[in-house]
Amino acid sequence: GCYDGAQVVQIYVASGEKNAPKYQLKAFKKVFLKSGETGEVTIPLGRDAFEIVNEEGEFFINKDHEYTVYVGVSQPDNESERLLGVKPVAKRFIVR
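Small disclaimer: the values here were computed from a predicted structure and weren't measured.

Asker: Can you walk me through the packing of aromatic side chains in this structure?
Answerer: When we look at a pair of aromatic rings, we describe it by the centre distance and by the angle of the planes. Within this structure, the stated rule accounts for 3 aromatic pairs. Consider the rings of Tyr12 and Tyr23, whose centres lie 5.7 Å apart with planes at 85°: the pair is edge-to-face. Linking Tyr12 in strand β1 (residues 5–14) with Tyr23 in the loop between β1 and β2 (24–33), this pair joins segments that are 11 residues apart in sequence. When the centroid spacing of 6.4 Å and the interplanar angle of 65° are considered together, the rings of Tyr23 and Tyr70 count as edge-to-face.

Shown next, in the form of structure tokens:
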């Protein structure tokens, strides 16, 4: 853009479990860029990023289960996409 600025890159993980939230914020990093500058962001995710918190507040990891990781500047819902005009990048994989 035309101005220096900052953006918060957010990582959400969705487990698809019926007793877990649809997706959970697991990591984020604020990035500062000068006008016209581009950058690369690295945000490591540990095993605990794939822990699911159920309605009873218990943590667990579903092994051999497909998770979806969303990376973007907002939560991965339709309202955020409508307001910002962009949607997070999604990648599915299995945790073993």
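Asker: Sorry if this is basic, but what is going on with the nonpolar core here?
Answerer: General note: in soluble globular proteins, nonpolar side chains tend to be found buried as a group. Core analysis: the biggest nonpolar cluster contains 13 residues, and Ile11, Val13, Ile43, Phe50, Tyr67 and Val69 have the highest contact counts within it. Taken together, the elements giving at least two residues each to this core come down to β1, β2 and β5 (65–72). Ranked by the residues each element gives to this core, the list is headed by β1, at 3 residues. With residues up to four places along the chain from it excluded, the contact list for Val69 reads Ile11, Tyr12, Val13, Leu45, Phe50, Val89, Ala90, Lys91 and Phe93.

Asker: Just checking my understanding: could you explain the environment of Ala6 for this structure?
Answerer: With respect to the secondary-structure elements, Ala6 resides in strand β1. We classify Ala6 as partly exposed; its relative accessible area is 42%. Along the sequence, Ala6 and Glu81 sit 75 residues apart, while their C-alpha atoms lie 19 Å from each other. Setting aside residues up to four positions removed in sequence, Ala6 forms contacts with Lys30, Val31 and Phe32.

Asker: How should I be thinking about the pairing of β5 in this particular structure?
Answerer: Within a regular beta strand, the side chains point alternately toward one face of the sheet and then the other, so they alternate between its two faces. Counting buried positions along β5 gives 6 out of 8 residues, so the element sits mostly inside the fold. For β1 and β5, the ladder comprises 5 bridges, and the chain directions are antiparallel. Directly across from Ile11, in β5, lies its bridge partner Val71. Of the pairings in the sheet, the one linking β5 to strand β6 (residues 89–95) comprises 7 bridges and is antiparallel in character. Along β6, the bridge assignment pairs Tyr70 with Ala90.

Asker: Where do I start with the environment of Ala20 in this structure?
Answerer: Secondary-structure assignment places Ala20 in the loop between β1 and β2. Along the primary structure Ala20 and Gly57 are separated by 37 residues, whereas in three dimensions their C-alpha atoms are 9.8 Å apart. For Ala20, the contacting residues outside a window of four places in its chain are Ser15, Ile52 and Val53.

Asker: Help me out: how do you make sense of the sheet that holds β1 in this one?
Answerer: Across a sheet, paired strands are connected by hydrogen bonds in the backbone, their directions being either parallel or antiparallel. With antiparallel pairing, the 4 strands of this open sheet are ordered in space as β2-β1-β5-β6. A single partner strand is all that each edge strand has here, and the edge strands are β2 and β6. Averaged over all adjacent pairs, the angle separating strand axes in this sheet is 20°, with direction ignored.

Thresholds, definitions, all that
- Residues numbered from 1 in each chain as written.
- Predicted model: local features only at pLDDT ≥ 70, side-chain atom pairs only at ≥ 80, totals over all residues.
- Heavy atoms only, no water.
- Phe/Tyr/Trp six-rings, centres within 6.5 Å; stacked < 30°, edge-to-face > 60°.
- Helix = DSSP H or I, 4+ residues; strand = E, 2+ residues; numbered from the N terminus.
- Core = buried A, V, L, I, M, F, W, Y, C linked by side-chain atoms within 4.5 Å.
- Buried < 20%, exposed > 50% of the residue type's maximum accessible area, 1.4 Å probe, protein only.
- Contact = heavy atoms within 4.5 Å.
- Pairing = 2+ DSSP bridges.
- Axes fitted to C-alpha atoms, helices over the stretch in contact; angles between N-to-C directions.

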